Amino acid sequence: MKKVGIVMGSDSDLPVVEKAMEKLRDFDVPFEVHVYSAHRTPEQAGNFSRTAREKGFGVLIAAAGKAAHLAGAIAANTTLPVIGIPVKSSTLDGLDALLSTVQMPTGIPVATVAIDGAANAALLAVEILAVTDGELADRLQKTREAETAKVLEKNAAVETRFNG
Ligand code: RP5
């Protein structure tokens, strides 16, 4: 199976990024994690994304806060799909990171999830890998069904309590 590459701009992003790692572990999807910054270590970030395909990665996740150019900088150097996680790490509550990540110019796409949306970033990465992996697609379907069952249970509890 192809690996997921996770890059974050700072180790201070780890509490958010760990939610993506948890989700990938749930699906037994192999991943690697790195701290590379578009601003502080641009050479390492560039080298990582330039060589990612040949190193067996199938999709990359980039998490960063503030002036969050990491996902875009990673996407600039690879044609692998790149998922951006805007991290809430500033006085602007992550809106700065959201706009910096999502507003990519035509030609260099970044699939941006919600602010701190690391679990969804991992799920999207799994969905991308599942396009060519039927077994992984089955696991996604089963997980989705289990989640639906949980929500229906909550609905039943609320209905019983308030609708008599
Ligand atoms: C961004 O600046 C990082 O992704 C992080 O979210 C934020 C703050 O970084 P530190 O100053 O905590 O290292 O580049």
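Remember, predicted model here, so these are calculated numbers, not experimental data.

A.B. asks: Help me understand the site of the ligand in this model?
C.D. replies: Every residue lining the ligand is accounted for by Gly-9, Ser-10, Ser-12, Asp-13, Arg-40, Ala-64, Gly-65 and Ser-89. Here Ser-12 contributes a side-chain N or O atom positioned 2.7 Å from an oxygen atom of the ligand. One of the side-chain N or O atoms of Asp-13 is found 2.6 Å from an oxygen atom in the ligand. In the complex, 76% of the free accessible area of the ligand, which totals 360 Å², lies under the protein chains.

A.B. asks: Help me understand helix α5 (residues 118–130), please; the structure alone is not making it clear to me.
C.D. replies: Since the α-helix turns once every 3.6 residues, residues separated by three or four places project in the same direction. Over its 13 residues, α5 extends 18 Å from the first C-alpha to the last, a length consistent with the 18 Å expected when each residue adds 1.5 Å. Listing the buried residues of α5 in full gives Ala-118, Ala-121, Ala-122, Ala-125, Val-126, Leu-129 and Ala-130. Elements in contact with the buried residues of α5: β1 (3–8), α1 (14–26), β3 (57–65), β4 (82–87) and α6 (134–163).

A.B. asks: Hey, could you run me through the pattern of salt bridges in this one?
C.D. replies: Think of it this way: side chains of opposite charge can pair up when their charged atoms draw near. Applying the stated criterion to the full structure yields four salt bridges. Measuring nitrogen to oxygen at the nearest pair gives 3.4 Å for the salt bridge that ties Arg-144 to Glu-127. With a gap of 17 residues between them, Arg-144 in helix α6 and Glu-127 in helix α5 connect regions that are remote in the sequence. A salt bridge links Glu-147 to Lys-150; the shortest N-O distance between them is 3.4 Å. Here Glu-147 and its partner Lys-150 are both found in helix α6, three residues apart, which amounts to about one turn of the helix. Glu-147 gets classed as partly exposed once you look at its relative accessible area, which sits at 39%.

A.B. asks: Help me understand the sheet that holds strand β5 (residues 111–112) in this model?
C.D. replies: The pairing of strands in a sheet happens through backbone hydrogen bonds and is either parallel or antiparallel. In spatial order, the strands read β2-β1-β3-β4-β5; together these five strands make up an open sheet with parallel pairing. Unpaired on one side and paired on the other, β2 (31–35) and β5 mark the two borders of the sheet. In this sheet, β4 lies alongside β3 in parallel orientation, the contact comprising six bridges. Looking at the pairing, Ile-61 lines up with Ile-83 of β4.

A.B. asks: Help me understand the packing of aromatic side chains, please; the structure alone is not making it clear to me.
C.D. replies: Geometrically, a pair of aromatic rings is defined through the distance of the ring centres and the angle of the planes. Scanning the entire structure with this criterion turns up two aromatic pairs. Between Tyr-36 and Phe-48 the ring centres are 5.8 Å apart and the planes differ by 50°, which places this aromatic pair in the tilted class. With a gap of 12 residues between them, Tyr-36 in the loop between β2 and α2 (42–51) and Phe-48 in helix α2 connect regions that are remote in the sequence. In this pair, the class of Tyr-36 matches that of Phe-48, namely buried. Taking 5.4 Å as the distance between ring centres and 65° as the angle between the ring planes, the aromatic pair formed by Phe-48 and Phe-57 counts as edge-to-face. Note on accessibility: Phe-48 and Phe-57 belong to one class, buried. The ring of Phe-57 is capped by Lys-3, whose NZ or CZ atom sits 4.3 Å from the centre of that ring.

A.B. asks: Is there a simple way to think about unusual backbone geometry in this case?
C.D. replies: Only a minority of non-glycine residues have a phi that is not negative, and only a minority of peptide bonds are not trans. Here the phi dihedral of Lys-66 falls at roughly 60°; this positive angle occurs in a residue that is not glycine. With respect to the element layout, Lys-66 can be found in the loop between β3 and α3 (70–76).

A.B. asks: Would you mind going over the packing of α1 against α5 with me for this structure?
C.D. replies: The axes of two packed helices give the description: the angle between them and the distance between them. Contact geometry of α1 with α5 gives a least axis separation of 7 Å together with a crossing angle of 35°. As α1 packs across α5, the resulting crossing turns out to be right-handed. Facing Val-16, Val-17, Lys-19, Ala-20, Lys-23 and Leu-24 of α1, the residues of α5 in contact are Ala-118, Ala-119, Ala-122, Leu-123 and Val-126. Split by residue class, the contact of α1 with α5 holds nine nonpolar, no polar and two charged.

Parameters and conventions
- Residues numbered from 1 in each chain as written.
- Predicted model: local features only at pLDDT ≥ 70, side-chain atom pairs only at ≥ 80, totals over all residues.
- Heavy atoms only, no water.
- Near = heavy atom within 4 Å.
- Polar contact = N/O pair within 3.5 Å; in protein donor to acceptor, adjacent residues only side chain to side chain.
- Areas by Shrake-Rupley, 256 points an atom, 1.4 Å probe, with all protein chains shown as cover.
- Helix = DSSP H or I, 4+ residues; strand = E, 2+ residues; numbered from the N terminus.
- Expected span 1.5 Å × (residues − 1).
- Buried < 20%, exposed > 50% of the residue type's maximum accessible area, 1.4 Å probe, protein only.
- Contact = heavy atoms within 4.5 Å.
- Salt bridge = Lys/Arg side-chain N within 4 Å of Asp/Glu carboxyl O.
- Pairing = 2+ DSSP bridges.
- Phe/Tyr/Trp six-rings, centres within 6.5 Å; stacked < 30°, edge-to-face > 60°.
- Lys NZ or Arg CZ within 6 Å of the ring centre and 35° of its normal.
- Axes fitted to C-alpha atoms, helices over the stretch in contact; angles between N-to-C directions.
- Left-handed = near helix turned anticlockwise from the far one by under 90°.
- Nonpolar A, V, L, I, M, F, W, Y, C, P; charged D, E, K, R; others polar.

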